[in-house]
Amino acid sequence: MLFDHQALVGKRYLITGGSSGIGRATAVALAACGASLVVMGRDEARTRETVAMLGTDAPHTPVVVDFQDADTTADAVKEAAVAAGGVDGVFHGAGLELLLPIKMTKRSSLDKMFASSVFSAFGIARALSLKGVVREEGGAFVIMSSAAGLRGQSGMTAYSAAKAAVDGMMRSLAVELAPRGIRVNSIAAGAVETAMHGRLANTLPSAAMEAYEAKHLLGFGRPEDVASAAVFLLSPAARWITGTTMVVDGGFTVR
(Lines give C-alpha, C1' and ligand atoms only; values in the text may rest on other atoms or scores of the structure.)
Protein backbone atom coordinates (compact mmCIF):
# COMPACT_ATOMS: atom_id res chain seq x y z
CA MET A 1 0.00 0.00 0.00
CA LEU A 2 1.46 3.33 -1.09
CA PHE A 3 -0.50 5.44 1.40
CA ASP A 4 -0.09 5.43 5.16
CA HIS A 5 -2.74 3.49 7.09
CA GLN A 6 -3.91 6.74 8.70
CA ALA A 7 -3.81 8.91 5.55
CA LEU A 8 -7.60 9.09 5.23
CA VAL A 9 -8.70 8.87 8.85
CA GLY A 10 -11.79 11.03 9.30
CA LYS A 11 -12.68 10.86 5.59
CA ARG A 12 -15.86 9.21 4.31
CA TYR A 13 -16.36 7.89 0.78
CA LEU A 14 -19.23 6.32 -1.14
CA ILE A 15 -18.39 3.44 -3.48
CA THR A 16 -20.66 2.07 -6.20
CA GLY A 17 -20.03 -1.35 -7.67
CA GLY A 18 -18.51 -2.27 -4.32
CA SER A 19 -19.66 -5.88 -4.36
CA SER A 20 -16.84 -7.08 -6.63
CA GLY A 21 -13.91 -6.26 -8.91
CA ILE A 22 -12.43 -2.77 -9.01
CA GLY A 23 -15.13 -1.34 -6.75
CA ARG A 24 -14.36 -3.87 -4.03
CA ALA A 25 -10.60 -3.37 -4.41
CA THR A 26 -11.04 0.39 -4.09
CA ALA A 27 -13.17 -0.02 -0.98
CA VAL A 28 -10.51 -2.24 0.60
CA ALA A 29 -7.74 0.20 -0.30
CA LEU A 30 -9.60 3.21 1.10
CA ALA A 31 -10.43 1.38 4.32
CA ALA A 32 -6.77 0.38 4.68
CA CYS A 33 -6.01 4.12 4.75
CA GLY A 34 -8.46 4.68 7.61
CA ALA A 35 -11.48 5.95 5.65
CA SER A 36 -15.10 5.25 6.53
CA LEU A 37 -17.17 3.86 3.63
CA VAL A 38 -20.68 3.60 2.28
CA VAL A 39 -20.51 0.58 -0.02
CA MET A 40 -23.19 0.27 -2.68
CA GLY A 41 -23.77 -2.89 -4.69
CA ARG A 42 -26.49 -4.81 -6.53
CA ASP A 43 -25.94 -8.11 -4.73
CA GLU A 44 -26.71 -7.99 -1.01
CA ALA A 45 -24.58 -10.97 0.02
CA ARG A 46 -21.51 -9.82 -1.91
CA THR A 47 -21.93 -6.20 -0.78
CA ARG A 48 -22.03 -7.29 2.85
CA GLU A 49 -19.06 -9.54 2.16
CA THR A 50 -17.10 -6.51 0.98
CA VAL A 51 -17.99 -4.57 4.13
CA ALA A 52 -16.88 -7.54 6.26
CA MET A 53 -13.46 -7.32 4.57
CA LEU A 54 -12.95 -3.68 5.60
CA GLY A 55 -12.26 -4.16 9.31
CA THR A 56 -13.64 -2.20 12.24
CA ASP A 57 -11.23 0.71 12.56
CA ALA A 58 -13.89 2.97 11.00
CA PRO A 59 -17.65 2.53 10.51
CA HIS A 60 -18.76 1.10 7.16
CA THR A 61 -22.29 0.82 5.77
CA PRO A 62 -23.59 -1.55 3.04
CA VAL A 63 -26.35 -0.26 0.77
CA VAL A 64 -28.05 -2.59 -1.71
CA VAL A 65 -29.17 -0.75 -4.85
CA ASP A 66 -29.45 -1.42 -8.57
CA PHE A 67 -29.06 1.79 -10.57
CA GLN A 68 -31.66 2.02 -13.34
CA ASP A 69 -31.59 5.65 -14.42
CA ALA A 70 -30.29 9.09 -13.46
CA ASP A 71 -33.27 9.97 -11.27
CA THR A 72 -33.31 6.85 -9.08
CA THR A 73 -29.51 6.97 -8.84
CA ALA A 74 -29.54 10.59 -7.66
CA ASP A 75 -32.14 9.77 -5.02
CA ALA A 76 -30.31 6.68 -3.75
CA VAL A 77 -26.93 8.40 -3.53
CA LYS A 78 -28.35 11.48 -1.84
CA GLU A 79 -30.21 9.40 0.74
CA ALA A 80 -27.17 7.26 1.56
CA ALA A 81 -24.74 10.18 1.72
CA VAL A 82 -26.97 12.39 3.86
CA ALA A 83 -27.69 9.50 6.23
CA ALA A 84 -23.94 9.04 6.65
CA GLY A 85 -23.42 12.72 7.45
CA GLY A 86 -22.05 13.71 4.06
CA VAL A 87 -19.14 12.30 2.07
CA ASP A 88 -15.71 13.47 1.00
CA GLY A 89 -15.91 11.69 -2.33
CA VAL A 90 -17.56 9.12 -4.54
CA PHE A 91 -15.99 6.36 -6.61
CA HIS A 92 -18.34 5.14 -9.33
CA GLY A 93 -17.21 1.64 -10.21
CA ALA A 94 -20.55 0.07 -11.13
CA GLY A 95 -20.95 -0.95 -14.75
CA LEU A 96 -21.60 -3.68 -17.30
CA GLU A 97 -19.57 -5.29 -20.06
CA LEU A 98 -20.79 -5.78 -23.63
CA LEU A 99 -19.00 -7.54 -26.46
CA LEU A 100 -21.37 -7.64 -29.42
CA PRO A 101 -21.09 -6.94 -33.16
CA ILE A 102 -22.92 -3.82 -34.29
CA LYS A 103 -25.31 -5.89 -36.43
CA MET A 104 -26.52 -7.66 -33.27
CA THR A 105 -26.64 -4.62 -30.98
CA LYS A 106 -30.22 -3.55 -30.32
CA ARG A 107 -31.78 -0.66 -28.42
CA SER A 108 -32.17 -2.76 -25.28
CA SER A 109 -28.41 -3.38 -25.12
CA LEU A 110 -27.67 0.30 -25.63
CA ASP A 111 -30.15 1.25 -22.91
CA LYS A 112 -28.53 -1.11 -20.40
CA MET A 113 -25.02 0.02 -21.26
CA PHE A 114 -25.73 3.74 -21.02
CA ALA A 115 -27.84 3.28 -17.88
CA SER A 116 -25.00 1.53 -16.06
CA SER A 117 -22.29 3.99 -17.07
CA VAL A 118 -23.58 7.34 -18.31
CA PHE A 119 -26.99 7.79 -16.71
CA SER A 120 -25.87 6.52 -13.31
CA ALA A 121 -22.80 8.80 -13.35
CA PHE A 122 -25.05 11.73 -14.24
CA GLY A 123 -27.35 10.87 -11.35
CA ILE A 124 -24.44 10.69 -8.91
CA ALA A 125 -23.19 14.07 -10.11
CA ARG A 126 -26.63 15.57 -9.60
CA ALA A 127 -26.71 14.19 -6.06
CA LEU A 128 -23.29 15.68 -5.36
CA SER A 129 -24.60 19.10 -6.35
CA LEU A 130 -27.27 18.95 -3.62
CA LYS A 131 -26.98 20.27 -0.09
CA GLY A 132 -25.75 17.86 2.57
CA VAL A 133 -24.27 15.28 0.22
CA VAL A 134 -20.68 16.55 0.09
CA ARG A 135 -19.04 17.92 3.21
CA GLU A 136 -18.34 21.64 3.37
CA GLU A 137 -14.63 21.16 2.69
CA GLY A 138 -15.45 19.88 -0.80
CA GLY A 139 -14.68 16.52 -2.26
CA ALA A 140 -13.94 14.36 -5.28
CA PHE A 141 -15.87 12.32 -7.82
CA VAL A 142 -13.97 9.59 -9.66
CA ILE A 143 -15.74 7.73 -12.48
CA MET A 144 -14.58 4.47 -14.00
CA SER A 145 -14.09 4.81 -17.74
CA SER A 146 -12.15 2.58 -20.12
CA ALA A 147 -9.35 2.55 -22.62
CA ALA A 148 -12.08 1.34 -24.99
CA GLY A 149 -13.33 4.92 -25.04
CA LEU A 150 -9.95 6.02 -26.40
CA ARG A 151 -9.16 3.24 -28.87
CA GLY A 152 -11.31 1.29 -31.33
CA GLN A 153 -12.03 -2.35 -30.66
CA SER A 154 -14.20 -4.67 -32.75
CA GLY A 155 -17.40 -5.73 -31.01
CA MET A 156 -17.18 -2.97 -28.40
CA THR A 157 -18.95 -0.12 -30.19
CA ALA A 158 -21.70 0.34 -27.60
CA TYR A 159 -19.30 -0.07 -24.68
CA SER A 160 -16.80 2.35 -26.23
CA ALA A 161 -19.52 4.90 -26.92
CA ALA A 162 -20.68 4.81 -23.29
CA LYS A 163 -17.17 5.21 -21.91
CA ALA A 164 -16.36 8.06 -24.30
CA ALA A 165 -19.57 9.74 -23.12
CA VAL A 166 -18.43 9.33 -19.50
CA ASP A 167 -15.16 11.12 -20.26
CA GLY A 168 -16.91 13.97 -22.05
CA MET A 169 -19.40 14.36 -19.22
CA MET A 170 -16.60 14.32 -16.66
CA ARG A 171 -14.90 17.34 -18.20
CA SER A 172 -18.03 19.47 -18.10
CA LEU A 173 -18.84 18.30 -14.58
CA ALA A 174 -15.36 19.38 -13.49
CA VAL A 175 -16.14 22.91 -14.68
CA GLU A 176 -19.61 23.04 -13.16
CA LEU A 177 -18.73 21.57 -9.76
CA ALA A 178 -15.40 23.35 -9.22
CA PRO A 179 -17.04 26.37 -7.52
CA ARG A 180 -18.32 23.96 -4.86
CA GLY A 181 -14.86 22.53 -4.31
CA ILE A 182 -15.69 19.22 -5.99
CA ARG A 183 -13.05 17.73 -8.26
CA VAL A 184 -14.16 15.34 -11.04
CA ASN A 185 -11.88 12.89 -12.85
CA SER A 186 -12.17 9.56 -14.65
CA ILE A 187 -9.95 6.50 -14.93
CA ALA A 188 -9.57 4.88 -18.35
CA ALA A 189 -8.60 1.34 -17.47
CA GLY A 190 -7.28 -1.32 -19.76
CA ALA A 191 -8.22 -4.99 -19.35
CA VAL A 192 -8.28 -5.88 -15.65
CA GLU A 193 -8.64 -9.44 -14.39
CA THR A 194 -12.04 -9.32 -12.72
CA ALA A 195 -15.16 -11.48 -12.91
CA MET A 196 -16.35 -9.21 -15.72
CA HIS A 197 -13.08 -9.85 -17.56
CA GLY A 198 -13.56 -13.57 -17.01
CA ARG A 199 -16.97 -13.48 -18.66
CA LEU A 200 -15.41 -11.72 -21.64
CA ALA A 201 -12.66 -14.33 -21.84
CA ASN A 202 -15.24 -17.10 -21.97
CA THR A 203 -16.75 -15.62 -25.14
CA LEU A 204 -13.46 -15.46 -27.08
CA PRO A 205 -11.09 -18.12 -28.43
CA SER A 206 -7.88 -18.47 -26.44
CA ALA A 207 -5.85 -17.12 -29.38
CA ALA A 208 -7.95 -13.95 -29.39
CA MET A 209 -7.42 -13.43 -25.66
CA GLU A 210 -3.69 -13.96 -26.05
CA ALA A 211 -3.59 -11.35 -28.81
CA TYR A 212 -5.61 -8.95 -26.64
CA GLU A 213 -3.23 -9.39 -23.72
CA ALA A 214 -0.25 -8.85 -26.03
CA LYS A 215 -1.63 -5.38 -26.79
CA HIS A 216 -1.08 -4.53 -23.11
CA LEU A 217 2.65 -3.91 -22.81
CA LEU A 218 2.58 -4.85 -19.12
CA GLY A 219 -0.04 -7.59 -19.46
CA PHE A 220 -3.52 -7.56 -17.99
CA GLY A 221 -3.98 -5.56 -14.81
CA ARG A 222 -5.30 -6.45 -11.38
CA PRO A 223 -8.10 -4.62 -9.54
CA GLU A 224 -5.55 -3.27 -7.07
CA ASP A 225 -3.71 -1.48 -9.90
CA VAL A 226 -6.77 0.66 -10.62
CA ALA A 227 -7.71 0.98 -6.95
CA SER A 228 -4.36 2.67 -6.22
CA ALA A 229 -5.11 5.31 -8.85
CA ALA A 230 -8.61 5.80 -7.46
CA VAL A 231 -7.33 6.29 -3.90
CA PHE A 232 -4.90 8.94 -5.14
CA LEU A 233 -7.56 10.85 -7.09
CA LEU A 234 -9.99 10.72 -4.17
CA SER A 235 -7.41 11.83 -1.64
CA PRO A 236 -6.22 15.35 -0.77
CA ALA A 237 -2.97 14.47 -2.56
CA ALA A 238 -4.84 15.15 -5.82
CA ARG A 239 -6.26 18.49 -4.66
CA TRP A 240 -5.06 20.26 -7.85
CA ILE A 241 -6.29 17.67 -10.35
CA THR A 242 -9.69 17.93 -12.01
CA GLY A 243 -11.17 17.38 -15.46
CA THR A 244 -8.60 14.69 -16.26
CA THR A 245 -8.87 11.16 -17.60
CA MET A 246 -6.11 9.15 -15.94
CA VAL A 247 -5.06 6.28 -18.20
CA VAL A 248 -4.25 3.10 -16.24
CA ASP A 249 -3.97 0.50 -18.97
CA GLY A 250 -0.67 -1.36 -18.87
CA GLY A 251 0.43 0.41 -22.03
CA PHE A 252 -2.59 -0.55 -24.16
CA THR A 253 -3.22 2.92 -25.65
CA VAL A 254 0.39 3.79 -26.53
CA ARG A 255 0.55 1.30 -29.40
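Residues numbered from 1 in each chain as written. Predicted model: local features only at pLDDT ≥ 70, side-chain atom pairs only at ≥ 80, totals over all residues. Heavy atoms only, no water.

Going by the annotation in an unreviewed UniProt entry, the name recorded for the chain is Short-chain dehydrogenase, with Ralstonia insidiosa given as the source organism. According to its UniProt record, the chain has this under Sequence similarities (unreviewed entry): "Belongs to the short-chain dehydrogenases/reductases (SDR) family." (UniProt positions renumbered as here; feature names shortened; annotations may be inferred.)

Moving on, we come to the packing of aromatic side chains. Applying the stated criterion to the full structure yields one aromatic pair. Plain terms: the ring middles of Phe114 and Phe119 are 6.3 Å apart, the flat faces sit at 50° to each other, and that makes the pair tilted. Take Phe119: its relative accessible area is 37%, and that puts it in the partly exposed class. (Phe/Tyr/Trp six-rings, centres within 6.5 Å; stacked < 30°, edge-to-face > 60°. Buried < 20%, exposed > 50% of the residue type's maximum accessible area, 1.4 Å probe, protein only.)

For helix α5 (residues 157–177), built from 21 residues, the straight-helix expectation of 30 Å at 1.5 Å per residue is met to within 8% by its first-to-last C-alpha distance of 30 Å. Buried residues of α5: Ala158, Tyr159, Ser160, Ala162, Lys163, Val166, Asp167, Met169, Met170, Leu173, Ala174 and Leu177, and no others. Next to the buried residues of α5 lie α4 (107–128), β5 (139–146), β6 (182–189) and β7 (245–248). (Helix = DSSP H or I, 4+ residues; strand = E, 2+ residues; numbered from the N terminus. Expected span 1.5 Å × (residues − 1). Contact = heavy atoms within 4.5 Å.)

Okay, the pattern of salt bridges next. Scanning the model with the defined rule gives six salt bridges in all. Notably, a salt bridge pairs Asp111 with Arg107, separated by 2.9 Å at the nearest N-O pair. One end of the pair, Asp111, and the other, Arg107, are both in helix α4, four residues apart, so they sit about a helical turn from each other. Judged by its relative accessible area of 62%, Arg107 falls in the exposed class. (Salt bridge = Lys/Arg side-chain N within 4 Å of Asp/Glu carboxyl O.)

This next bit is on the packing of α4 against α5. Between α4 and α5, the least distance of the axes is 9 Å, while the angle of their chain directions is 15°. In terms of axis orientation, α4 runs roughly parallel to α5. At the point where α4 passes α5, the crossing takes the right-handed sense. Together, Leu110, Met113, Phe114, Ser117, Val118, Ala121, Phe122 and Ala125 of α4 and Ala158, Tyr159, Ala161, Ala162, Lys163, Ala165, Val166, Met169 and Leu173 of α5 make up the contact between the two elements. (Axes fitted to C-alpha atoms, helices over the stretch in contact; angles between N-to-C directions. Parallel < 35°, antiparallel > 145°, perpendicular 65-115°, else oblique. Left-handed = near helix turned anticlockwise from the far one by under 90°.)

Along the chain, the position of Ser145 falls in strand β5. At 3.3 Å, the side chain of Ser145 forms a polar contact with the backbone oxygen of Lys163. Setting aside its immediate chain neighbours within four residues, Ser145 contacts Lys163, Val166, Asp167, Ser186, Ile187, Ala188 and Ala189. (Polar contact = N/O pair within 3.5 Å; in protein donor to acceptor, adjacent residues only side chain to side chain.)

Counting 38 residues, the largest nonpolar core has Leu14, Met40, Leu128, Phe141 and Val184 as the members making the most contacts within it. The element best represented in this core is α5, accounting for nine residues. Ignoring any residue separated from it by four or fewer positions in sequence, one finds Val184 in contact with Phe141, Ile143, Met170, Leu173, Ala174, Leu177, Thr242, Gly243 and Thr244. Counting residues in hydrophobic clusters, the runner-up holds 32 residues, among them Leu37, Ala189, Ala230 and Leu234. (Core = buried A, V, L, I, M, F, W, Y, C linked by side-chain atoms within 4.5 Å.)

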